[in-house]
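Secondary and tertiary structure notes
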Amino acid sequence: MSVLFVTSEHAELLKSGGLGDISAALPRALRETGCDIRILMPAYPSVLAKVRPITIVAHRKGRGAIPPYLIGATELSGGVPLYLVLAPTLFQRDGAAYGGPDGRDHADNDLRFACLSLAAAEICAGLPRLGWRPDILHAHDWVSGLAPAYARWWKLPVRSVMTIHNIAHQGLFPYHRMPDLDVPPEAFSLDGLEFHLHGSFLKAGIYYSDHLTTVSPTYAEEITTEPLGGGLHGLIGGIAAAGRLTGIPNGIGEEWNPARDPYLPAAFDAGNLDGKAEAAEVIRTALCLDPAEGPLFGVVSRLVHQKGLDLVAEAAAEIVARGGQIAILGTGDPQVEAMLLDLSRRHRGKVGLMVGFNEPMAHRIIAASDFFLMPSRFEPCGLTQMQAQRYGTLPIAHRTGGLADTIEDGETGFLFAPADAGELIGAAERAFAVFADKDRLAAMRRAAMAKDFAWSGPAKAYKALYARLADDGSSRSARSRSLTVVPKTRTPASKVA
Ligand code: ADP
């Protein structure tokens, strides 16, 4: 089984959120099952600074306004082959994966990520010096959504899987840009990638791939509904009804292990939590929190509307009044940052804020906290609630998406719904009651720490899916060799919408 895994982030090279973690962990876990999986991603400056040597395996011409580019090959730790799209005018820039240092998206993200998708499709078509072609093309989120589309338009003999990590990011670009991306004119329609007069990279991936997955069973149901389907619920509902949508929860990597976490002041495990108390002391000092005996509530998050941090701000006075403290680490929307800064000033010594992306601090806050606040309005899977449980930190989370699937209410954490401050306070009150009952607290911590969030489980599920699709593909091509070829008809989006 050979698979090309197309992504825009990788935790060891450049990460802005969960996709980076998944891109690092899932291919490694799949290789352990014997799957020949290889990663393709853009050669950002931080990538080029970290991986060497790179062998150039293809010079490509570009298409439309997509400039010529090279494909380089190298290897990641653990022996995972990595292919890089080397297009200096598109990827050699300061900043993060999607935008500049000012936090704004690059204006030519359509060209940048069309180039990534183009490279993926050209690998699937077969590059002579590479000598390798995948059975399965696995695209992730809008950034690689055009890859299954090119593969379909060019009638490539590859089966494609599209994974939605967050339907809120769709990659919408003006229709007049589509010819620049080598999108055939007939594809700019409802039965194609058109979405409200824009070209949607995500819809392209959903529409043209053979199978759709998302990162939890509950989110798989939620994206077929109007409130959480991002306007694509009709199309996705049709795909689900045809048995082509699967929810596979993410895992967390071995770097999340309190027994050997280099970022912690002291190791700990379920049998001895002294190190957790030491981490709490470190965090209280680092975030200027008063010495205290009450519970510490942690937050590690992108600071965006999705994550419901306004609910944390609304609930904070109640939490503080009951003797709790809140330690927050995050970065993102300047308005959310300003709101939390104001909160920390109003509750000096009780609410501490560190703005920034800081991996060691993320580990320390998760280790230090008694409870972990996650009132996300929606959450496709979420990783931090799993990281928290592995460290004996009980999540308090909105019952949605992957949070509903990975937290057992009253056993390994606390779930509440709907997502409002009153319900969050109610769940926090239950947490205070558990904190006061040391036996119950210890039992819940043990149950949380015993949970298996290893990537080996999800890797098996993806491998089974790849195998099913590959079988399906080979029986289909055997049929097409011996029978009259009937073009596959698809349910038009308008019929299922
Ligand atoms: P999302 O992908 O929506 O941002 P997830 O919970 O799926 O949320 O994944 C977030 C990942 O990024 C986790 O590994 C978390 O520990 C990490 N993370 C989030 N914010 C920060 C931060 N400010 N500093 C360091 N790591 C962070």
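Keep in mind that what you see is a predicted model, and the values were worked out from it rather than measured.

Considerations on the overall build of the protein chain
Secondary structure assignment for the protein chain yields 18 helices and 18 strands. Expected size for 497 residues packed as a compact globule is a radius of gyration near 23 Å; at 23 Å, the protein chain falls within 12% of this value. With the C-alpha coordinates of the protein chain rotated into their principal frame, the extents come out at 75 × 50 × 40 Å. Burial status across the protein chain gives 57% buried among its 497 residues. In the protein chain, the proportion of contacts linking residues at least 24 apart, taken out of those at least 6 apart, comes to 69%.

As for the site of the ligand
Around the ligand, a shell composed of 20 residues is seen, among which G18, D21, R302, K307 and G356 lie nearest. Contact between the ligand and T384: an oxygen atom at 3.4 Å from a main-chain N or O atom of the residue. Protein burial of the ligand: of its 570 Å² of free accessible surface, 93% is covered by the chains. Elements that contribute at least two residues to the shell around the ligand include exactly α1 (18–32), β13 (296–303), β14 (325–332), α12 (359–368) and α13 (384–390). A per-class count over the shell around the ligand returns 6 nonpolar, 9 polar and 5 charged.

A few points about the sheet that holds strand β1 (residues 2–6)
Pairing is mixed across the open sheet formed by 9 strands, whose spatial order is β3-β4-β5-β2-β1-β6-β7-β11-β12. Of all the strands in the sheet, the pair left with one neighbour each is β3 (55–60) and β12 (245–247). If you compare each strand with its neighbour and ignore which way they point, the axes differ by 25° on average. Across 5 bridges, β1 lies against strand β2 (residues 36–42) in parallel orientation. The residue of β2 that forms the bridge with V3 is I37. On top of the sheet, helix α4 (residues 109–125) reaches β1, β2, β3, β4 (69–75), β5 (81–86) and β6 (136–140); it is set at about 150° to β2, its chief contact.

Digging into the pairing of β4
In terms of residue burial, β4 counts as a mostly covered element, since 5 of its 7 residues are buried. Of the pairings in the sheet, the one linking β3 to β4 comprises 5 bridges and is antiparallel in character. Bridging across to β4, I56 finds its partner in G72. Where β4 meets β5, 6 bridges bridge the pair, whose relative direction is antiparallel. Residue T74 lies in a different strand from β5, and its bridge partner there is L82.

Observations regarding unusual backbone geometry
At the junction of R52 and P53, the peptide bond is cis and its omega measures out at -10° in the coordinates. Examined against the element boundaries, P53 turns out to sit in the loop between α2 (45–50) and β3. For the bond from A417 to P418, the omega torsion is -5°, close enough to zero to count as cis. Relative to the helices and strands, P418 resides in the loop between β18 (414–416) and α15 (421–436). Positive phi values are uncommon outside glycine, yet D182 reaches one of about 65°.

A short note on the environment of G62
Within the secondary structure layout, G62 lies in the loop between β3 and β4. On a C-alpha basis, the gap between G62 and A119 in space is 9.0 Å, while along the polypeptide they are 57 residues apart. Excluding residues within four positions of it along the chain, G62 makes contact with P67, P68, Y69 and L118.

Focus on the sheet that holds strand β10 (residues 198–200)
To summarise the sheet geometry, strands pair through backbone hydrogen bonds and adopt either a parallel or an antiparallel arrangement. Taken in spatial order, the 3 strands line up as β8-β10-β9 in an open sheet, and their pairing is antiparallel. The open sheet has two free edges, formed respectively by β8 (172–174) and β9 (194–195), since each of these has just one partner strand. Lying over the sheet, helix α6 (residues 201–208) contacts β8, β9 and β10, oriented at roughly 55° with respect to β10.

Looking at the confidence of the model for the protein chain
Per-residue pLDDT for the protein chain has a mean of 94; in total, 95% of the residues score no lower than 70. Taken together, the stretch residues 479–497 has pLDDT below 50 and engages in 17 contacts with residues farther than four places along the chain or on a different chain.

Some points on the packing of helix α9 (residues 274–286) against α12
At a closest axis distance of 8 Å, the pairing of α9 and α12 adopts a crossing angle of 120°. Classified by the angle between their axes, α9 and α12 sit oblique to one another. Viewed along their axes, α9 and α12 form a crossing whose handedness is left-handed. For the pair α9 and α12, the contacting residues are K276, A279, A280, V282, I283 and A286 in the first and M361, R364, I365, I366, A367 and A368 in the second. Among the residues forming the contact of α9 with α12, the class breakdown is 10 nonpolar, no polar and 2 charged.

What to know about the pairing of strand β7 (residues 159–164)
Of all the 6 residues making up β7, 6 are buried; the element is thus mostly covered by neighbouring parts of the structure. Both faces of β7 are covered, namely the face carrying R159, V161 and T163 and the face carrying S160, M162 and I164. Here β6 runs beside β7; their pairing, made up of 5 bridges, is parallel. Of the residues in β7, the one forming a bridge with H138 is V161. For the crossover that starts at β6, traverses helix α5 (residues 146–153) and ends in the parallel β7, the hand is right-handed. Of the strand pairs in this sheet, β7 and strand β11 (residues 211–214) are connected by 4 bridges, and their pairing is parallel. Across the sheet, the residue bridging to T163 is T213, located in β11.

Each value, and the rule that gives it
Residues numbered from 1 in each chain as written. Predicted model: local features only at pLDDT ≥ 70, side-chain atom pairs only at ≥ 80, totals over all residues. Heavy atoms only, no water. Helix = DSSP H or I, 4+ residues; strand = E, 2+ residues; numbered from the N terminus. Rg over C-alpha atoms; globule rule 2.2 N^0.38 Å. Buried < 20%, exposed > 50% of the residue type's maximum accessible area, 1.4 Å probe, protein only. Contact = heavy atoms within 4.5 Å. Near = heavy atom within 4 Å. Polar contact = N/O pair within 3.5 Å; in protein donor to acceptor, adjacent residues only side chain to side chain. Areas by Shrake-Rupley, 256 points an atom, 1.4 Å probe, with all protein chains shown as cover. Nonpolar A, V, L, I, M, F, W, Y, C, P; charged D, E, K, R; others polar. Pairing = 2+ DSSP bridges. Axes fitted to C-alpha atoms, helices over the stretch in contact; angles between N-to-C directions. pLDDT = per-residue confidence, 0-100. Parallel < 35°, antiparallel > 145°, perpendicular 65-115°, else oblique. Left-handed = near helix turned anticlockwise from the far one by under 90°. Right-handed = clockwise from strand over helix to strand, strands pointing away.

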